[in-house]
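# A look at the structure
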Amino acid sequence: MTAAPASASSSPSASARKPRASTHRLASQSTTQGLRNMVVFILRRNWLRLLVWTMLLASMIPLVYESQRAAFPTQADREAYASIANTPAVAALTGTPYAADTLGGILVLKIWMTLAITLAFATVFLVTRNGRADEEAGRTELLRSSVLGRHAYTLANYLVVGAFNVLVGITIAGAAVALGLPVDGGLVLGASLTGLGLFFLGVSAVVGQLASTSRGANGFASMVIGAAFVIRAVGDLEGMGTTPGWISLVSPIGWAQQMRPFGENQWWPLAQLVVGGVLLCAVALRLEARRDLGSGVLPDRPGPAEASPAMMMPLGLALRLQRGSLVGWFAAVVVMGLLYGSVAAQMADLLASNAMYAAMFAGHGSSFTDGVIGLLVMLNAIVASAFVVESALQVRAEEASGLAEPQLAGSVSRLRWTGGRLLLPVIGSALLLVIGGLVMGAAYGASQSDASQVWVLLGAAIAYWPGVLVTAGVVVLLIGVAPRLAATLSWFYFSTMVIISVFGALFSLPPEVTGNTPLTATPRLPADAFTVPPVLALSAIAVLLWAAGLVWFTRRDIAQGA
């Protein structure tokens, strides 16, 4: 009888603790409830994108490896290349050439930075697409209206994109090993890219919580990638020999480069990258728990009360929305022009001893140096082609997000709205070609003390404009005919065209294929003589593609959603 009161006195406190503990467990479980279903959902929605990105990145390994193996077939050729590879321009753009006398080291020097930057952007775009963009479009709110934990969709997004980075690293490592490169170097190569991708997964996760729009999230993340690249470049320029300066270690790109595949094969920087990515994802989840759905941590900045007259026109609005990316494209063209123009003569001297490259670059009877310069001008045209794809697809992005419909509900016709928006890739591509040709001509002319090269390379660059407009026409046609597949098919077309144009001869593809892309059909000046028929033919094809795409767009229904 005496024990009963004691038991009765302890029961209330115990019973009071039990509900709190039970409530705590329920709360912790509920934040991730439905995680597995969300992983499956995101995989089903993105499997094609993930597959295309993986194949695109991994396919670069055998393509570049075979081209470099053919260019430097003997050890003497590789040692000769290593003796001239360590220049400031190479260090700034691709990193210090620490193992340039080996095929693995040359492969890293030629393609690692391109793969790293591409994977970083792919990771950012995927995280934003399934995160901030879905929240902006109201899809996240719809999902949470059912039994779904607060962090389930976000965490599933991080897990899927993280697995994508691991898959890319494994595929690239497997491709390198299958080509006969050292196993340890191939594994470090794949791990360096995976680690960098995971770090920028964390960056994109955090900026997705800070910004209130997908455009803002992608913009913030792009600035972080750009800052990481610039800091790494400054560090490599300040280094001694093949050892970068200390500031390079401030950049995550510098960390990944310190793994040095096919050189020292160091694994310790991978831990920094992975831990950094995980911590940033944890911070992002913490921020998500503290904000309202649909809002960002950073407050929206109110714009002016009235729009300027330029903003009332489709072209002016397009310029305002794409001004950030425009600055990036023009900066890239200027840097490329300076680099290519300053090293063109040295590249020609180095590659002239290789019979296959001599036949590939010399064109039809002109000098080998002019052939190399013609190829470099074509690379500038590739950048302009990538710009028109990215810029033209903004039309589809606004249609998919529902922003086009209210604009078309007024007095603006579909043809005027679309035409106004598509003027930007038309005018922008022409300016990119002009600036790239001028800068490359000035740099090459300065190295040769020949001012006339400015006008020669300016004309060579402008000759590619009809071919660039053909690429833009393909995008316009896809937007009109297959809007929901336009982005995927446009980038697939662009990638295929570039591979055939640049590497088609190395793979012994028929001349009917390699010589008839929008880039290779253009006279490769100054190596080839300028002929009017190909330019007229490309112009006619561009007009037909644009007309068909615009007519199709005006006749079909508005297609919202990805």
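Residues numbered from 1 in each chain as written. Predicted model: local features only at pLDDT ≥ 70, side-chain atom pairs only at ≥ 80, totals over all residues. Heavy atoms only, no water.

## Some words on the overall build of the protein
Stated formally: Where helices and strands are cited, they refer to DSSP runs of H or I of at least four residues and of E of at least two residues respectively, numbered from the N terminus. Any residue under 20% of the maximum accessible area for its type is buried, any over 50% is exposed, and the rest in between are partly exposed; the area is computed with a 1.4 Å probe on protein chains only. Only the protein chains shown count as cover for residues, and all accessible areas are computed by the Shrake-Rupley method using a 1.4 Å probe.
If you tally the helices and strands in the protein, you get 23 helices and 0 strands. Within the protein, buried positions represent 47% of all 562 residues. For the protein, the accessible area works out to roughly 25,600 Å², and carbon and sulfur atoms hold 69% of it.

## Topic: the nonpolar core
Using the following cut-off: Buried Ala, Val, Leu, Ile, Met, Phe, Trp, Tyr and Cys residues form a nonpolar core when they are joined through side-chain atoms within 4.5 Å. It only takes one pair of heavy atoms within 4.5 Å for two residues to be counted as in contact.
Within the largest apolar cluster, 65 residues are counted, with the highest numbers of intra-cluster contacts made by Val-377, Leu-422, Leu-433, Tyr-464, Phe-494 and Leu-519. When residues of this core are traced back to their parent elements, those giving at least two are helix H14 (323-351), helix H16 (368-401), helix H17 (404-408), helix H18 (414-448), helix H19 (453-462), helix H20 (465-481), helix H21 (486-503) and helix H23 (532-555). Beyond its immediate sequence surroundings of up to four residues, Leu-519 is in contact with Met-378, Ala-381, Ile-382, Ser-385, Tyr-464, Met-497 and Ser-501. Ranked by size, the runner-up nonpolar core spans 62 residues in total, among them Ile-42, Leu-115, Val-160 and Leu-201.

## Brief notes about the pattern of salt bridges
This is how it is decided: Every case where a carboxyl oxygen of Asp or Glu lies within 4 Å of a side-chain nitrogen of Lys or Arg is listed as a salt bridge.
Counting across every chain of the model gives 11 salt bridges. Of the charged contacts in the structure, one is a salt bridge between Asp-134 and Arg-45, with a shortest N-O distance of 2.9 Å. With a gap of 89 residues between them, Asp-134 in helix H6 (residues 132-137) and Arg-45 in helix H2 (residues 35-71) connect regions that are remote in the sequence. By relative accessible area, Asp-134 is classed as buried at 2%. Overall, Arg-45 belongs to the partly exposed group, its relative accessible area being 21%. Of the charged contacts in the structure, one is a salt bridge between Arg-556 and Glu-399, with a shortest N-O distance of 2.6 Å. Taken together, the residues span a long stretch of sequence, with Arg-556 in the segment after H23 and Glu-399 in helix H16 at a distance of 157 residues.

## Here's the deal with the environment of Ile-247
In this structure, Ile-247 sits in the loop between helix H10 (214-237) and helix H11 (252-257). Residue Ile-247 is classed as partly exposed on the basis of its relative accessible area of 22%. Expressed as a C-alpha distance, the spacing of Ile-247 and Val-234, which sit 13 residues apart in the sequence, is 7.3 Å. Contacts of Ile-247, omitting those with residues within four sequence positions, involve Ile-231, Val-234, Gly-235 and Glu-238.

## Section: unusual backbone geometry
Geometrically, the link from Leu-525 to Pro-526 is a cis peptide bond, its omega value of 5 degrees lying close to zero. As for its position among the elements, Pro-526 is in the loop between helix H22 (511-514) and H23. Its identity is not glycine, yet Phe-262 carries a phi of approximately 65 degrees, on the positive side. Positionally, Phe-262 belongs in the loop between H11 and helix H12 (268-290). Given the relative accessible area of 11%, Phe-262 is considered buried. Unlike most non-glycine residues, Asn-265 shows phi in positive territory, near 50 degrees.

## A closer look at the packing of helix H13 (residues 314-321) against H18
Applied cut-off: Axes here mean lines fitted to C-alpha atoms, for a helix over just the part in contact, with angles spanning 0 to 180 degrees between N-to-C directions. Here roughly perpendicular refers to angles of 65 to 115 degrees, roughly parallel to angles under 35, roughly antiparallel to angles over 145, and oblique to all remaining angles. Left-handed describes a crossing in which the near helix is turned anticlockwise from the far one by less than a right angle; the clockwise case is right-handed. Throughout, the ten residues Ala, Val, Leu, Ile, Met, Phe, Trp, Tyr, Cys and Pro are labelled nonpolar, Asp, Glu, Lys and Arg are labelled charged, and all others, Gly among them, are labelled polar.
Two elements in contact, H13 and H18, have axes whose closest approach is 7 Å; the angle formed by their N-to-C orientations is 45 degrees. Considering their axes alone, H13 and H18 lie oblique with respect to each other. Crossing of H13 against H18: the hand is right-handed. Residue-level contacts link Pro-314, Leu-315, Leu-317, Ala-318, Leu-319 and Leu-321 of H13 to Arg-416, Trp-417, Gly-420, Arg-421, Leu-423 and Leu-424 of H18. Its residues assigned to classes, the contact of H13 with H18 comprises 9 nonpolar, 1 polar and 2 charged.

## A word on H19
Rules: As used here, the arc is the angular range of directions from the helix axis to the C-beta atoms.
Residues Gln-453, Val-454, Leu-457, Leu-458, Ala-460 and Ala-461 constitute the buried set of H19. Taken down its axis, H19 places every buried residue within 160 degrees of arc, on the same side. As for H19, its buried residues are in contact with H16, H18 and H20.

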